[in-house]
Amino acid sequence: MKRFEPGRQRFVASALALGLCVLGVWLAALLALLASTLAPEARAAAVDSLLERMPLLVLALLGFGAAVAAGADVWWRRRIAPWARLAEQVRLRAETDTATAVEIAPGPPALRAMALAVDALVGQRSGLRADVAAEVARAGARIEQERARLAALMAELTHSVVVCTLDGRVLLYNQRARRQFQELSQAALTAGGAELLGLGRSIYAVFDRAHVAHALETVRLRLRRGDAEPAATFVTTTRGGRLLRAVLAPVRDGDALDGFVLLLDDITQQHERDLAQDRLLLTLIEGQRASLGSLQAAVELLDDPTLDGATRGRLLGVLRDEVRTIGRRLNDAGERSAATMKARWPMQDMRGADLVEAARRRIEAATGASSGTDGVDDALWLTVDSFALLQALVDLARRLVDEFALRALWLRLEAADGGRARLDLIWTGRAMSTETVLGWENEPMHDGDGGADGGDASAGAAPASLLSVRDVVQRHGGEFWFERDRVHQRAFFRWLLPCADQGSAAAGSSAPSPAPSRPEYYDFDLFDRGAPGGPLDERPLAELGFTVFDTETTGLDPTGGDEIIQIGAARIVNGRLLRQECFEQLVDPRRHVPAAGIAIHGIEPDRLVGQPTIAQVLPAFHAYARDTVLVAHNAAFDMRFLQLKEAALGLHFDQPVLDTLLLSALVHPNQASHRLESIAERFGIAVVGRHTALGDALVTAEVFLRLLPLLAALGIHTLAQAREASQRTYYARLRY
């Protein structure tokens, strides 16, 4: 986007005014000199002649002015503008870490010499900074190592952990907490992507402030009493209707309370199961009372010796009916209770090949027979109680070896229909009767030397000897049978076991992505920041949280029916771009997407079919951007699309807005272009994903972070100063 720079405007205007003044003085002096040499009659005739030719004089004056302006403009472009742009580039490199080569515009030889000298100084500074950074890195290596260990430990914890400052700002969380809060946000919001958890965010977006305040007061009381474990537990509901159990523990700085740690568990399903079990027990008790009353009355009547045969037969029929009713109720209650117990039993996602290898080693250790494999699908993941399943396999193998003196067994694992897998225990030799199979299936398993490989029978809810193979099958919701392969003279026990979800398998099988040296899940520097105070406009930019966003649309006319088709955003907290806390969502515009727009953003219409509408996505984005300053490039365009939806959706984006287009024009008024690509090039920022909402948002965020020190160098430190200065730029006049 090019324009007539303000400095250039002022110079041309000043040169024109000076030229006209000089010309006016010269003409006045010349006319006065000529008038002094003429007689009065000649002077009057000369004045009349000049008045008659006044249009020619005005044209000559305008031509002179145009020539002066053109000359001044040429002079500016060739002699002044290159130096002004060079000065801005020097200031850019002096006040930021930008180390790209200075762009040399056409100009005098001294300009090129100056640019080369600046490049040499920048290179020397970069080398010195690299040396200083290396020393700092060596000095801080131990601290970073401890932080990395903490991050790794937090990632492996089975609980959701969130650490907050006393005012409730999140400064640390682990991956499990992030996943849990993503599920909560998707339950509370129609569209995905609006995470409730994030660095610098308030935990009170999830929890009722009163619950946390009460727990903190309890902790303070226990600290004053000198309790060894001054923690507090409370249960609360989220906005999505989920039940969370939280354990709040203090973070202390000496004797002072500096923050708190929350250990979180989603107990919604557990609570629902407990309620279902209680209802089942109550229903069973209430249902049996009437039947028992009928049985008692019938038994008492049967004791009457005078009772006739017909009446006695009817009473016996009542007894039989009530006994059947009681039996049916007990069987139904038993099945429902078993299903509940099965749902409660902890299962793990396990690679099938690992299960087979563990079973093979344990069978060899327990039986002395050799074991091998007969085909194992390495891609299969199973959801199993591995301890109980291994005990069942070892028990069957031991029985086979003892009964038939087998010397070898094989295991086979392959995919089956319906999201299940077939696990076979194979042997060569005699078959067995159905009665023997049923007996082995229903008899309690023997403990034997189940700990041959280090296993511990206490890992289950009860010793393995109290379980049968049938119990293990039911626990997995699977099937089990004996089958004979007459062609190959082999027999096998076959299990049908549940496969893990594809998402879990992919998560488990993929190689871990390399983590940054300082993961974005925590920022201990927030401990050193006090609670936000004072009006937002008066606070320094460095203390604020920002949501940098961008939209892709069907066209450029928000008032003419064009709609948003994608929103992307990223957060900046404590001067850091949090790439792992991004918002990205496609939107179904419910209208035609022009081909001209597709050529720019590359979003084909079929990708938008079935996506949430703007009525679903915008509330999610509104929640994501809560309590932050909005930042965008050419923000007037994007904000217009948002504002046109506010009334219909009952939303109001009342946050302050900063525009990187205006800020760039403010710090670099002599640059010819303030397009996002041009600014990124000046700062040495790689542009990835251009014309995608999230890609543009991330580039804008990088640009904004580099603009902050340049604003500070101009004396612009607070939000109010940045907003006021932005409105003085040329681009602030744009309207959509």
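Right above here is the structure, for reference.
Okay, so let's go over this structure. (Residues numbered from 1 in each chain as written. Predicted model: local features only at pLDDT ≥ 70, side-chain atom pairs only at ≥ 80, totals over all residues. Heavy atoms only, no water.)

Comments concerning the overall build of the protein chain
So, point 1. Tallying secondary structure elements over the protein chain gives 22 helices and 17 strands in all.
So, point 2. Each of the 736 residues in the protein chain was classed as buried or not, and the buried ones make up 42%.
So, point 3. When contacts within the protein chain are restricted to residue pairs at least 6 apart in sequence, long-range pairs at least 24 apart make up 70% of them.
So, point 4. In the form shown here, the protein chain has an accessible surface area of approximately 38200 Å², with 56% of it arising from carbon and sulfur atoms. (Helix = DSSP H or I, 4+ residues; strand = E, 2+ residues; numbered from the N terminus. Buried < 20%, exposed > 50% of the residue type's maximum accessible area, 1.4 Å probe, protein only. Contact = heavy atoms within 4.5 Å. Areas by Shrake-Rupley, 256 points an atom, 1.4 Å probe, with all protein chains shown as cover.)

Some details on helix H11 (residues 386-404)
So, point 1. In this model H11 runs 27 Å from its N-terminal to its C-terminal C-alpha over 19 residues, within 8% of the 27 Å that 1.5 Å per residue would give.
So, point 2. The element H11 is largely enclosed, with a buried count of 17 among its 19 residues.
So, point 3. One or two steps after H11, the chain reaches Ala405, where phi turns positive at roughly 50 degrees. (Expected span 1.5 Å × (residues − 1).)

Observations concerning the nonpolar core
In globular proteins that are soluble, nonpolar side chains generally tend to be buried together.
So, point 1. Leu400, Leu409, Leu425, Phe493 and Trp495 are the most contacted members of the largest nonpolar core, which totals 42 residues.
So, point 2. Secondary-structure elements contributing two or more residues to this core are helix H10 (352-367), strand S8 (381-384), H11, strand S9 (408-415), strand S10 (420-428), helix H12 (434-442), helix H13 (469-475) and strand S12 (490-498).
So, point 3. In terms of residue count, the dominant contributor to this core is H11 (11 residues).
So, point 4. Residues contacting Phe493, with those up to four places away along its chain left out, are Leu396, Leu400, Leu423, Asp424, Leu425, Trp427, Met432, Val437, Trp440, Phe480, Trp481 and Phe482. (Core = buried A, V, L, I, M, F, W, Y, C linked by side-chain atoms within 4.5 Å.)

Overview of the sheet that holds strand S13 (residues 546-553)
So, point 1. If you walk across this open sheet you meet the 5 strands as S15-S14-S13-S16-S17, and the pairing is mixed. The open sheet has two free edges, formed respectively by strand S15 (576-586) and strand S17 (657-659), since each of these has just one partner strand. Each strand of the sheet is rotated relative to its neighbour by a mean of 25 degrees, with strand direction disregarded.
So, point 2. Sheet topology note: the S13/strand S16 (residues 629-632) ladder contains 3 bridges and is parallel. Counterpart to Phe546 in the pairing with S16 is Val629.
So, point 3. Contacting S13, strand S14 (564-573), S15, S16 and S17, helix H21 (residues 693-713) crosses the sheet at an angle of about 30 degrees to S14. (Pairing = 2+ DSSP bridges. Axes fitted to C-alpha atoms, helices over the stretch in contact; angles between N-to-C directions.)

Thoughts on the side chain of Arg539
So, point 1. Note on placement: Arg539 falls in the loop between helix H14 (502-509) and S13.
So, point 2. The charged side chain of Arg539 is buried without a salt bridge, its nearest counter-charge being Glu543 at 4.1 Å.
So, point 3. Looking at Arg539, its side chain comes within polar contact range of the main-chain oxygen of Glu543, at 3.3 Å. (Lys, Arg positive; Asp, Glu negative; His and termini not counted. Salt bridge = Lys/Arg side-chain N within 4 Å of Asp/Glu carboxyl O. Polar contact = N/O pair within 3.5 Å; in protein donor to acceptor, adjacent residues only side chain to side chain.)

Re the pairing of S15
So, point 1. Among the 11 residues in S15, 8 count as buried, and that is most of the element.
So, point 2. Here S14 runs beside S15; their pairing, made up of 7 bridges, is antiparallel. When the bridges of S15 are listed, Val573 appears paired with Arg576.

As for the environment of Leu92
So, point 1. Tracing the sequence through the fold places Leu92 in helix H3 (residues 54-95).
So, point 2. In the structure, Leu92 is positioned 615 residues away from Leu707 in sequence and 9.1 Å away in space, judged by C-alpha atoms.

Examining the pattern of salt bridges
So, point 1. Enumeration over the complete set of coordinates arrives at 24 salt bridges.
So, point 2. The salt bridge partner of Arg169 is Asp167, with a shortest N-O separation of 3.1 Å.
So, point 3. With a relative accessible area of 12%, Arg169 lands in the buried category.
So, point 4. Judged by relative accessible area, Asp167 falls into the partly exposed class, the value being 27%.
So, point 5. Residue Arg571 is joined to Glu581 by a salt bridge in which the shortest nitrogen-to-oxygen separation is 2.4 Å. With Arg571 in strand S14 and Glu581 in strand S15, this residue pair connects regions lying 10 residues apart in the sequence. Across the pair, Glu581 and Arg571 agree in class, each one buried.
So, point 6. When salt bridges that share partners are traced, they join Asp374, Arg412, Asp424, Arg490 and Arg494 into one network.

Overview of the sheet that holds strand S11 (residues 479-485)
So, point 1. Reading across the sheet, the 5 strands line up as S7-S9-S10-S12-S11 and stay open at both edges, with mixed pairing between neighbours. Each edge of the open sheet is held by one strand with a lone partner, namely strand S7 (370-376) and S11. Between one strand axis and the next, the sheet turns through 20 degrees on average, direction left out of account.
So, point 2. Two elements, S11 and S12, share 7 bridges in a ladder whose sense is antiparallel. Bridge assignment links Phe480 to a residue of S12, and that residue is Trp495.
So, point 3. H11 rests against S9, S10, S11 and S12 of the sheet, and its axis sits at about 170 degrees to S12.

Details of the environment of Thr554
So, point 1. Examined against the element boundaries, Thr554 turns out to sit in the loop between S13 and S14.
So, point 2. Once the C-alpha coordinates of Thr554 and Ile598 are considered, the two residues, 44 residues apart in sequence, prove to be 8.2 Å apart.
So, point 3. Filtering out sequence-adjacent residues up to four positions away, Thr554 remains in contact with Asp562, Glu563, Ile565, Pro589, Arg591, His592, Val593 and Pro594.
So, point 4. Only 2.8 Å separates the side chain of Thr554 from the side chain of Asp562, close enough to count as a polar contact.

Re H12
So, point 1. Those residues of H12 that fall on the buried side of the exposure criterion are Val437, Trp440 and Glu441. Looking down the long axis of H12, one finds its buried residues gathered within 100 degrees of arc, a one-sided arrangement.
So, point 2. Buried positions along H12 lie against H11, H13, S11 and S12. (Arc of directions from axis to C-beta.)

Observations regarding the packing of helix H19 (residues 660-667) against H21
So, point 1. Direction vectors running N to C along H19 and H21 enclose 35 degrees, while the axes themselves pass 10 Å from each other. Here H19 runs over H21; the crossing is left-handed. Here H19 contributes Thr660, Leu663, Ser664, Leu666 and Val667 to the contact with H21, which in turn contributes Thr700, Val703, Phe704, Leu707, Leu710 and Leu711.
So, point 2. Per-class residue counts for the contact of H19 with H21 are 8 nonpolar, 3 polar and no charged. (Left-handed = near helix turned anticlockwise from the far one by under 90°. Nonpolar A, V, L, I, M, F, W, Y, C, P; charged D, E, K, R; others polar.)

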